[in-house]
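Survey of secondary and tertiary structure
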Amino acid sequence: MAPKKSTRASTRAADSSTFDVTPKDDDSREEVEVKKPIRGKRSASDSSDKKTKSVPPSIPLFSHWLMKSEPETRLEYGVDVKFGIEDLKALPNQTGCWDGVRNYQARNFMRDMREGHVAFFYHSNCKEPGIAGIMEVVKVAYVDHTQFDKKDVHFDASSKADNPKWSMVDVRYQRMLQRFIPLSELKKYHLKHSATGGPLKSMALFTSARLSVQPLTPEEFQFVLDLETKEPI
DNA sequence: GCCAACGTTGGC
DNA sequence: GCCAACGTTGGC
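Model, not experiment: these values are computed from the prediction.

By the element assignment, histidine 193 lies in helix α3 (residues 183–196). Filtering out sequence-adjacent residues up to four positions away, histidine 193 remains in contact with Gly198, Pro199, Leu200, Lys201 and Phe223.

Here is the structure:
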C-alpha cells in the first residue's frame, strides 16, 4: 500500500531559519511562534504530546503545501526510491501515503495538514526539478509504518512502537499543472521578488531549500498556480 | 560527480 | 550546552 515515497524526505532537509524551528526531537512542538502568516500562536500541537501542557488544538497555520519526491530512479540500499507524480496517479484511487519523511520539521508540517489541504507535487533530484502537479490531503497524519520495517529503506531502529517518531499523511492526485513549472523559473521570480517585493520573496523552496515538506502562503500558492497559464520566463 | 548548505550525533 | 565531525539533500 505504500508508495515508496519521497525518499528525499529522508533524513535531512530543513533550515530552521524561517519557520518554526529546530528539530525538536520527537514529539515536541510546543509554543512556537511562526513568523510568516499572522495568525495566532501555535499552541501545543498534539494532544498526545507529553511534553506540553494541554492546550486546545492549534489552528493550522497553513493550508497550502509543497511536497518533494524523486521522479527518477535512484537506488538506496539497492531499492529504487523513484516516486514521481505519475506513480501517485497510477495507484489505486490515485492515492498514496507520503511515507519515508525523516526530518522533524517536515514531519511537523505534515502533522499540521488537514483533509482538503492542497499540495504541489515537486520533482526533486532530477534532470528538471520543479512543480509537476497538484494533490490533495485526504487523510491527516498517522503512524508511518515503514519506520518499524527492517526491510524498508526508511527503517528507524530508534523509533519504538509505543512512541512512534514518524508520521505520514495520505494524498490524492488531483491534476497535472497545465505546464511544468521548473525550479529555474521559480528562482527567477524569487530573485526578482526579493529585490522588488513580491509574493515569492520568502518562498520556502529557496529560504529552506532542503526542507522536503514545506508550507506556502495562500499568496505564494496562487502566484505559482497562475504561472501555469503564463508564458515561461 | 561535485559540493554547499545544513541537520544530527556524540564527546566533553 | 557547545561544537566538531559526519551524513544527507538536492541543485548544478
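Next comes the rest of the description.
Let us look at the packing of aromatic side chains. This structure, assessed with the given rule, holds nine aromatic pairs. For the pair phenylalanine 120 and phenylalanine 221, a centre-to-centre distance of 4.4 Å together with 15 degrees between the ring planes defines the contact as stacked. Here the residue phenylalanine 120 occupies a position in strand β5 (residues 118–123), and phenylalanine 221 occupies one in helix α5 (residues 218–227), the gap between them amounting to 101 residues. There is no split in this pair, since phenylalanine 120 and phenylalanine 221 are both buried. In this structure an aromatic cluster arises from ring pairing among Phe62, Trp65 and Phe109. Here the basic side chain of lysine 139 rests over the ring of tyrosine 142, its NZ or CZ set 3.9 Å away from the ring centre.

Before going further, it helps to spend a moment on unusual backbone geometry. Of note, asparagine 93 is a non-glycine position whose phi angle comes to about 60 degrees, a positive value. Looking at the element boundaries, asparagine 93 is found in the loop between α1 (85–89) and β4 (95–97). Positive phi, normally seen in glycine, also occurs at glutamine 94, with a value near 50 degrees. Mapped onto the fold, glutamine 94 is located in the loop between α1 and β4.

Our focus in this paragraph is the pattern of salt bridges. Side chains carrying opposite charge are able to pair once their charged atoms draw close together. Per the stated rule, a full pass over the model turns up six salt bridges. We note a salt bridge from aspartate 87 to lysine 82, for which the minimum N-O separation is 2.9 Å. The class for aspartate 87 is partly exposed, based on a relative accessible area of 23%. Classification of lysine 82 as partly exposed rests on a relative accessible area of 31%. The residue glutamate 185 makes a salt bridge to arginine 179 at a minimum N-O spacing of 2.8 Å.

What follows is about the sheet that holds strand β8 (residues 213–216). Strand order in this open sheet of six strands is β4-β7-β6-β5-β1-β8, and the pairing throughout is mixed. On the outer flanks of this sheet lie β4 and β8, each paired with one strand and no other. Averaged over all pairs of adjacent strands, the angle between their axes in this sheet comes to 35 degrees, without regard to strand direction. Two strands pair when backbone bridges link them, and strand β6 (residues 130–143) and strand β7 (residues 167–182) are joined in this way by ten bridges, in the antiparallel orientation.

Looking now at the nonpolar core. With 23 residues, the main nonpolar core has Met67, Trp98, Met110, Met113, Met135 and Val213 as its most contacted residues. Among the secondary structure elements, those contributing two or more residues to this core are β1 (64–69), α1, α2 (104–112), β5, β6 and β7. In terms of nonpolar packing, the next biggest core, distinct from the first, is built from 21 residues, Val118, Phe120, Tyr189 and Phe206 among them.

Moving on to the side chain of aspartate 170. As for its position among the elements, aspartate 170 is in strand β7. A distance of 2.5 Å separates a polar atom in the side chain of aspartate 170 from a polar atom in the side chain of tyrosine 142. The residues touching aspartate 170, leaving out its near neighbours within four places in the chain, are Thr95, Gly96, Cys97, Glu136, Val137, Val138, Lys139 and Tyr142.

Cut-offs and rules
Residues numbered from 1 in each chain as written. Chains lettered and ligands numbered in written order. Predicted model: local features only at pLDDT ≥ 70, side-chain atom pairs only at ≥ 80, totals over all residues. Heavy atoms only, no water. Helix = DSSP H or I, 4+ residues; strand = E, 2+ residues; numbered from the N terminus. Contact = heavy atoms within 4.5 Å. Phe/Tyr/Trp six-rings, centres within 6.5 Å; stacked < 30°, edge-to-face > 60°. Buried < 20%, exposed > 50% of the residue type's maximum accessible area, 1.4 Å probe, protein only. Lys NZ or Arg CZ within 6 Å of the ring centre and 35° of its normal. Salt bridge = Lys/Arg side-chain N within 4 Å of Asp/Glu carboxyl O. Pairing = 2+ DSSP bridges. Axes fitted to C-alpha atoms, helices over the stretch in contact; angles between N-to-C directions. Core = buried A, V, L, I, M, F, W, Y, C linked by side-chain atoms within 4.5 Å. Polar contact = N/O pair within 3.5 Å; in protein donor to acceptor, adjacent residues only side chain to side chain.

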